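Summary of the model geometry
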Amino acid sequence: MKDAVYVLGGEQTDFQRNWTKEGKTFMSLFREAVQDGLEKVGLTPDEIKKLNKQNRIGVFVGNFDGEQYAVQGHLGAFLTEVDPCFYGVPGARYEAACASGSVALDAAQTKLRSKDYDVAIVVGMEIMKTVSSSVGGDFLGTAAYYEKEAKGVQFPFPKLFGKLADVLLERYKLDEKRYMGALAEISRINYANAKRNPKAQTRSWFMNKEHANTRGGEFNMAVGGRLAITDCSQVTDGAALVVLANKNYAEEFAKKKGTKLSAYPKIKGWGHRVAPITFEAKVAESKGDKWVLPWTRQTVKDAYDRSGLNTKDIDVFETHDCFTSSEYAAISAFGITQPGKEHEAIEDGVIDFTGKKPINPSGGLIGAGHPVGASGVRMMLDIYKQVTGTAGDYQVEGAKNGLMLNIGGSATTNYVFVVGK
Amino acid sequence: MREIKTVTVLGANGTMGAGSAAIVAAFGKAKVHMLARDVNKAKEGIEKAISSIKTDTIRPRLIPGSYDQDLEKAVSESDWVFELVAESYEVKEPINKRIAKARKPGTIVSTVSSGLSIARLADAFDEDGKKHYYGTHFFNPPYKMILCELVTHAGNDKKVTKKLGEYLAKTLGRAVVYTNDTPAFAGNRIGFQLINEAAIKAEEYSDKGGIALIDAIMSGYTGRAMAPLDTADFVGLDVHKAIVDNLYEMTKDAAHSTFKLPGYFQKLIDRGDLGRKSGQGLYKMTKTPEGKKEKLYYDIKGDLFVPVPKFDIPFIKEANRRMGEADYIGAMNIVKEAKGLEADIARYFIARYVSYSLSLVGEVVETKEMTDLAMGTGFNWAPASAFVDFLGGPKEAISLITKAKLPVPEILAKAKAGKPFYQLKDILDARSLFKG
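Residues numbered from 1 in each chain as written. Chains lettered and ligands numbered in written order. Predicted model: local features only at pLDDT ≥ 70, side-chain atom pairs only at ≥ 80, totals over all residues. Heavy atoms only, no water.

**Some words on the overall build of chain A**
Worth spelling out the cut-off: A run of H or I in DSSP counts as a helix once it spans at least four residues, and a run of E counts as a strand once it spans at least two, with each numbered from the N terminus. Restricting the calculation to C-alpha atoms gives the radius of gyration, and the globule rule supplies 2.2 Å times the number of residues raised to the power 0.38. Pairs of residues are marked as contacts when any of their non-hydrogen atoms sit within 4.5 Å. Computed with a 1.4 Å probe, the accessible areas rest on the Shrake-Rupley method; for each residue, only the protein chains presented here act as cover. In this tally, Asp and Glu contribute negative charge and Lys and Arg positive charge; neither His nor the terminal groups of the chain are included. For charged residues, the charge sits on one atom: NZ in Lys, CZ in Arg, CG in Asp, CD in Glu.
Counting secondary structure elements, chain A contains 17 helices and 11 strands. In terms of C-alpha radius of gyration, chain A reaches 20 Å, essentially the compact-globule figure of 22 Å for 421 residues. Viewed in the frame of its principal axes, chain A has a C-alpha envelope of about 60 × 45 × 40 Å. Within chain A, contacts between residues at least 6 apart in sequence are counted, and of these 77% link residues at least 24 apart. Carbon and sulfur atoms provide 50% of the accessible area of chain A, an area that totals close to 15000 Å². When the 53 positive and 50 negative side-chain charges of chain A are each reduced to one mean point, those points stand 4 Å apart.

Shown next as structure tokens:
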């Protein structure tokens, strides 16, 4: 891809926090995420003002459902409440369910490649603890075809991804015990990884494979067919920010920081595909295909093609494990195994933290937490950290290229970014 | 230090014992001998342990037993003996003698005493036993409160201490605070200083709202989810008394007089009003004739319970509002500039908390990060160093402390301006502890 887009860095909030319990507003989450992120990158309010005068900067806010959870929309403009340096800065909110962060990233990179702007501040955010889990579950139902798939259904998404688990099992004629054990191992890995991540929601929660395998009991209730609580990511409050720049600014920034342009990783490839929105249509369409989620696979392929890289070149993955079944399907979408053989990679430790193809060293959505509109940006931040060697205790040794997969709905909106130096 | 595969928990039926056993069995995957006065009590402890951490998978690893029947055998096969029996030398020392006889060389023995001398308790052991004897002060409830104060004494081996600290942190997921063998260690010394002084001030201002007024002043914007006197009521006035009496007797620092238990606390304890656990203490919940829940507080002068009033204190409202908007410095500026008695009290206690927390560096802990971590993870109170930053830095904090006529800790006096004073940002986001 021509016209490189560089990632200058960013920050996320502590996903363990419950902002409602803290008596804090939606704006507070926005304010802390933006202030922390800009401070970490080293982009000052004065610099933002200067860039804005030259019409070189834009803001892209990923958010799924501020209206329902926080009774607040118009988030591109709402940013002006965070700091007066954003007065006049072009900003807008981008929405694609759980892929909202990625659609904001994509809009940002497009503006940078076209040189409309030189710098893009991308913020993903969601506040979700304002309502009970059943009300929140209903809100999340709007990421599916609400009338057909969610209306009157308690916790629609665990049920949809429970169906995915069923389809995978049936399509590939898998041994049920072995398959469910592999899903439990996915939980174990994500929780174990989250223990190393100081911003992860579950960093002090207990989990092991034995517990993840006790589905249906008092302490691990079934919530969606075969799937139990331990198979689900937990919603939370959180935000993440990354700053992207094109070469025009990245060079200027590197000079200012006394470093080289090569210190910053680039977005090497990306993919964006939309599958049929209902799960039923997805399954019907994929019959006879090698992959149950062919559009997810296609998105990964698009990103590989654009980057000129392939599975063998990717050292670390961040995937959208909203449920264990989605991470399971992603393994073959990444090309780590053939479809139907994902459990082998799981059992052999391939995707574990020290494995050959580690997935979710951050803990992923299951371990790190899933503030819906923030997840895509958080993944980009984590891939940035990995390829710059700044992931601290959850650093994958020697990671040069990373790939993130962020999906909205029941694998409906698919986004992939490949980032590396 | 050898690998911890088998653990004996003494006092396994209490909330702390059962909760700690659950942590060891779940995170540490250890087999745990759950010992209590009798085996039925131990079995109750097993149920408590399972429900505290919400996993039945630890059940096969929890083995019930009694002190009379099982102590020696359990201890002899354990890598760690974790003692949580009653908080007195009279109870702990005879048990320690039995542990000392049964223990194999290399076995760690630790106590969760919150106030007794670890060195004195270690005396029951031979040289190897002394070397392996520690305070491991967990907080209640252990699954939620991740602090563990690892208390050392002169007889410990630094290599063993390091390994044990790593085990507690990495395997059991504790926030480990290394403290010296000093009364009440770090968390309780700081926490109960503030609580007891709040209780003293409540008496001083009993005609202005007393207990309810002090708690209203020390609400969310001062960095705590639960106000201090409400906390005393929650932990129990008898437990509070045990801790502050010990501190009054054993310490002679600049806050010494503030550890004296107020007379009305003793009065309430004497008549069995121990706090939430006995139905009433400093507070009492009741129902109005209309059936609505109502919170009453103990009116010290009148010796009766009266409804908690809705105080209208403008600076608190404004400080809370600013906290709610993540304007931490703005909120502290409101507190710094507000006029009136309530503002004077708020400033005094913030100054006292910062001054006292940081004054323990050197005596109780090595670094200020240790007191910050202790208060943040053991009490859910905003750490002192975070206050320093939100007050505007060391100079502003010193000014507040000086105006309150309190000692300026050396570490604060030596601090450089322009650098964040709080250094645990990537471990504990202190902002999360300030409530709007």
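**Some details on the domain arrangement of chain B**
Residues and elements named next belong to chain B. The condition is simple: As annotated, the domain borders come from an automatic or database domain assignment. The term buried area means the drop in 1.4 Å probe accessible area that two parts suffer when joined, counted for both and summed. What counts as a salt bridge is simple: a side-chain nitrogen of Lys or Arg found within 4 Å of a carboxyl oxygen of Asp or Glu.
When its domains are assigned, chain B resolves into domain 1 (6–180) and domain 2 (187–433). The gap between the C-alpha centroids of domain 1 and domain 2 is 31 Å. Between domain 1 and domain 2, the contact holds 14 residues from the first and 16 residues from the second. Summing both sides of the interface, domain 1 and domain 2 together bury roughly 1100 Å²; the carbon and sulfur share of this comes to 57%. Three residues stand out in domain 1 for area buried against domain 2, namely Met145, Val177 and Asn180, and they jointly supply 37% of the buried area on that side. Where domain 1 packs against domain 2, one counts zero salt bridges.

**Here we look at the pairing of strand S11 (residues 413–420) of chain A**
All names here are of chain A. Keep this limit in mind: Per-residue accessibility, obtained with a 1.4 Å probe over protein chains only, is compared with the maximum for each type, and a residue is labelled buried under 20%, exposed over 50%, and partly exposed between these values. The pairing criterion for strands is at least two bridges between them, as found by DSSP.
Burial within S11 is extensive, with eight of its eight residues counted as buried. Along S11, one buried face is formed by Thr413, Tyr415, Phe417 and Val419 and the opposite face, lined by Asn414, Val416, Val418 and Gly420, is buried too. Across eight bridges, strand S8 (residues 266–274) lies against S11 in antiparallel orientation. Across the sheet, Trp270 pairs through a bridge with Phe417, a residue of S11. Relative to S11, strand S10 (residues 401–408) is paired through eight bridges, and the arrangement is antiparallel. If you follow Ile407 over to S11, its bridge partner there is Asn414. The hairpin turn running from S10 into S11, its antiparallel successor, is four residues long, and Gly409 in that turn takes a positive phi close to 70°.

**Concerning the pairing of strand S1 (residues 6–10) of chain B**
Residue and element names in this part refer to chain B. Inclusion rule: Note on handedness: a clockwise path from strand one over the helix to strand two, with the strands aimed away from the viewer, defines a right-handed crossover.
Across the five residues of S1, five count as buried, placing the element largely inside the fold. A two-sided burial pattern is seen for S1, the buried positions comprising Thr6, Thr8 and Leu10 on one face and Val7 and Val9 on the other. In the sheet, S1 pairs with strand S2 (residues 31–36) via five bridges, with the strands oriented parallel. Across the sheet, the residue bridging to Thr6 is Lys31, located in S2. With respect to chirality, the unit in which S1 leads through helix H1 (residues 15–26) into the neighbouring parallel S2 is right-handed. As defined by bridge partners, S1 adjoins strand S4 (residues 80–83) across four bridges and the pair is classed as parallel. From the neighbouring strand, Val9 faces S4, where its bridge partner is Phe82.

**Details of the pattern of salt bridges**
Oppositely charged side chains can pair when the atoms bearing their charge come close. Using the criterion set out here, one finds 59 salt bridges over all chains in the structure. Measuring nitrogen to oxygen at the nearest pair gives 3.0 Å for the salt bridge that ties Glu363 of chain B to Arg189 of chain B. Linking Glu363 of chain B in the loop between helix H15 (341–359) and helix H16 (368–379) with Arg189 of chain B in helix H8 (residues 187–204), this pair joins segments that are 174 residues apart in sequence. For Arg189 of chain B, a relative accessible area of 1% translates into the label buried. When the shortest N-O distance is used, the salt bridge between Lys317 of chain B and Asp312 of chain B registers 2.9 Å. The network of salt bridges with shared partners includes Arg17, Glu22, Lys24, Glu32 and Asp36 of chain A together with Asp429 and Arg431 of chain B.

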